[in-house]
Amino acid sequence: MDGIHDLGGKEGFGPISIDPDDNPFHHDWEERMWAIARSGALGGDITIDWFRHSIECMVPSDYLAFRYFQKWCTTYLMLLVDNGTFTMDEVQSGKTDRSAAPPAPLSLDDALAVNRAANYSFEVECGAAPLFKLGDTIMTRRHMDSDHTRLPAYARGACGEIIAHHGAHLLPDKGVHGIHEGEHLYTVVFTAPELWGEAADPRDSVALELWESYLVPG
Amino acid sequence: MSPAWYKSTEYRARSAREPRKVLEEFGVHLDDVVAVRVWDSTAELRYIVVPERPTGTEGWDEEALAAIVTRNSMIGTDRDLKIEAA
């Protein structure tokens with residue numbers, strides 16, 4: 001979807017706030033949100049594609065106003081209502097009648113095992129031969145009508161060169177619908193002037209990983 | 001985990017389009033001969049930058065070299081490693 005989340009290349013933003021203390025968290029609740037998300041306690045049915053798409057569905061003004069972990073909190077709350085963990089009445093009252101003992105804390109070894117298990121490759125088998133090879137010139141599609149795509153708006157309808165083929169990886173555009181299929185994935189390089197216009201520095205470029213269905217022969 | 005600035009609206013909006021200005025804000029000044037390639041990671045592949053070895057570190061062992069590598073240098077927003085940090 002062409003949402004506000006697709007920020008790459010949007011202009012008008014000011015300097016980057018670089019915290020000299022380098023603290024990733026600014027509130028206690030942000031640490032708790034991170035820990036809960038990493039614990040695996042929120043259920044295995046929430047895939048990375050579904051989670052990202054859920055964030056994309058936020059009202060644009062909220063998306064821009066909410067802090068990073070506030071987006072997580074809001075999105076997990078919505079997902080947990082969606083999958084029946086809470087009801088909206090419980091969310092609104094902040095209370096539940098159901099007694100739910102918190103799960104026993106994980107040992108350090110078990111917590112590390114959970115995290116290691118979450119770091120798996122998205123490369124999968126795919127019956128089809130790749131349509132493109134290294135050095136090919138391609139054009140990206142101008143329009144993506146999938147609900148969740150990883151082709152940024154700034155790289156639509158652009159001419160690029162394939163510099164790597166990674167085999168087939170799970171396609172997010174289908175994964176968001178619960179269809180877990182692989183498609184050939186490539187690294188495509190675009191010159192900065194191709195993406196940003198003639199005033200861009202001709203020495204510079206952007207590399208993107210793009211799935212085969214995002215591309216047409218150049 | 002990634003630093004807060006990495007997730008900021010400003011970094012996400014600006015880094016692909018004006019990487020040289022963004023790098024200036026991190027104190028990285030590039031020579032005219034240096035080209036910039038932004039890797040905007042759109043799949044579940046992750047990259048780290050292997051930082052350039054600074055002059056004056058000839059003969060250093062792996063442990064000594066690892067000690068001067070910064071997190072930001074592996075993201076790409078820190079370029080010239082400081083050998084006095086070791």
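It should be noted that the structure appears before, not after, this text.
Our subject in this report is the structure included herewith. (Residues numbered from 1 in each chain as written. Chains lettered and ligands numbered in written order. Predicted model: local features only at pLDDT ≥ 70, side-chain atom pairs only at ≥ 80, totals over all residues. Heavy atoms only, no water.)

1. Points about the pairing of strand S3 (residues 159-170) of chain A
Within a regular strand, the side chains alternate between the two sheet faces. All names here are of chain A. Operational definition: One requirement defines pairing of two strands: DSSP has to find at least two bridges between them. Helix numbering and strand numbering both begin at the N terminus, where a helix is a DSSP run of H or I of at least 4 residues and a strand a DSSP run of E of at least 2.
Pairing between strand S1 (residues 123-124) and S3: two bridges, direction antiparallel. Looking at S3, one finds that Val-124 is bridged to Ala-168. Two elements, strand S2 (residues 137-140) and S3, share three bridges in a ladder whose sense is antiparallel. In the sheet register, Met-139 faces S3, and the bridge partner there is Cys-159. As paired strands, S3 and strand S4 (residues 182-191) are joined by seven bridges and run antiparallel to one another.

2. A short note on the side chain of Thr-149 of chain A
Residue and element names in this part refer to chain A. We apply this condition: Partly exposed describes any residue whose relative accessible area lies between the buried limit of under 20% and the exposed limit of over 50%, with all areas from a 1.4 Å probe on protein chains only and scaled to the type maximum. Two N or O atoms form a polar contact when they lie within 3.5 Å of each other; inside protein one atom must be a possible hydrogen donor and the other a possible acceptor, and for residues adjacent in sequence the pair counts only when both atoms belong to side chains. In this description, contact between two residues means that some pair of their heavy atoms is separated by no more than 4.5 Å.
Tracing the backbone through its elements, the reader meets Thr-149 in the loop between S2 and S3. Using a relative accessible area of 9% as the deciding quantity, one classes Thr-149 as buried. A distance of 3.3 Å separates the side chain of Thr-149 from the backbone nitrogen of Leu-151, its partner in a polar contact. In terms of polar contacts, Thr-149 uses its side chain to reach the side chain of Tyr-214, at 3.4 Å. Filtering out sequence-adjacent residues up to four positions away, Thr-149 remains in contact with Met-1, Met-144, Arg-156, Asp-173 and Tyr-214.

3. Let's talk about the pattern of salt bridges
For clarity, the cut-off: In the sections that follow, a salt bridge refers to a side-chain nitrogen of Lys or Arg positioned within 4 Å of a carboxyl oxygen of Asp or Glu.
Within this structure, the stated rule accounts for 15 salt bridges over all chains. For the salt bridge of Asp-136 of chain A with Lys-133 of chain A, the shortest nitrogen-to-oxygen distance reads 3.1 Å. The exposure class assigned to Lys-133 of chain A is exposed, which follows from its relative accessible area of 57%. Here Arg-79 of chain B ties to Glu-52 of chain B by a salt bridge, and the two come within 3.7 Å at their closest N and O atoms. One end of the pair, Arg-79 of chain B, is in the segment after helix H4 (71-75); the other, Glu-52 of chain B, is in the loop between strand S1 (37-40) and helix H3 (62-67), and 27 residues separate them in sequence. We classify Arg-79 of chain B as partly exposed; its relative accessible area is 29%. On the accessibility criterion, Glu-52 of chain B (55% relative accessible area) is exposed. Several salt bridges share partner residues, and in doing so they unite Asp-201, Arg-203 and Asp-204 of chain A together with Arg-20 of chain B into one network.

4. Quick notes on the packing of helix H2 (residues 48-56) of chain A against helix H4 (residues 68-82) of chain A
The axes of two packed helices give the description: the angle between them and the distance between them. Residues and elements named next belong to chain A. Applicable threshold: Under this scheme, a helix contributes an axis fitted over its contacting stretch, all axes are lines through C-alpha atoms, and angles between N-to-C directions fall in the 0 to 180 degree range. In this scheme, roughly parallel covers angles under 35 degrees and roughly antiparallel covers those over 145, while 65 to 115 is roughly perpendicular and the rest are oblique. The hand of a helix crossing depends on one turn: near helix anticlockwise from the far one by less than a right angle means left-handed, and clockwise means right-handed. Only Asp, Glu, Lys and Arg are considered charged in this grouping, and only Ala, Val, Leu, Ile, Met, Phe, Trp, Tyr, Cys and Pro are considered nonpolar; every other residue, Gly among them, is considered polar.
In the contact formed by H2 and H4, the axes pass within 10 Å of each other and the chain directions differ by 110 degrees. Between H2 and H4, the angle is such that the two are roughly perpendicular. Between H2 and H4 lies a crossing whose hand is right-handed. Between H2 and H4, the residues in contact are Trp-50, Phe-51, Ser-54 and Ile-55 and Lys-71, Trp-72, Thr-75, Tyr-76, Met-78, Leu-79 and Asp-82, respectively. When the residues that make up the contact of H2 with H4 are grouped by side-chain class, the tally is seven nonpolar, two polar and two charged.

5. Considerations on the interface of chain A and chain B
Counted only if it meets this: Two parts placed together each lose some accessible area; with a 1.4 Å probe, that loss summed over both constitutes the buried area.
Facing the 45 residues of chain A at the interface are 37 residues of chain B. Contact between chain A and chain B buries roughly 3500 Å² in total, counting both sides, with carbon and sulfur atoms accounting for 56%. Looking only at chain A, the three residues that lose the most surface to chain B are Ile-16, Arg-203 and Glu-209 of chain A, adding up to 20% of its buried area. Linking chain A to chain B there are five salt bridges.

These results come straight from atomic positions and should not be treated as a statement about function.
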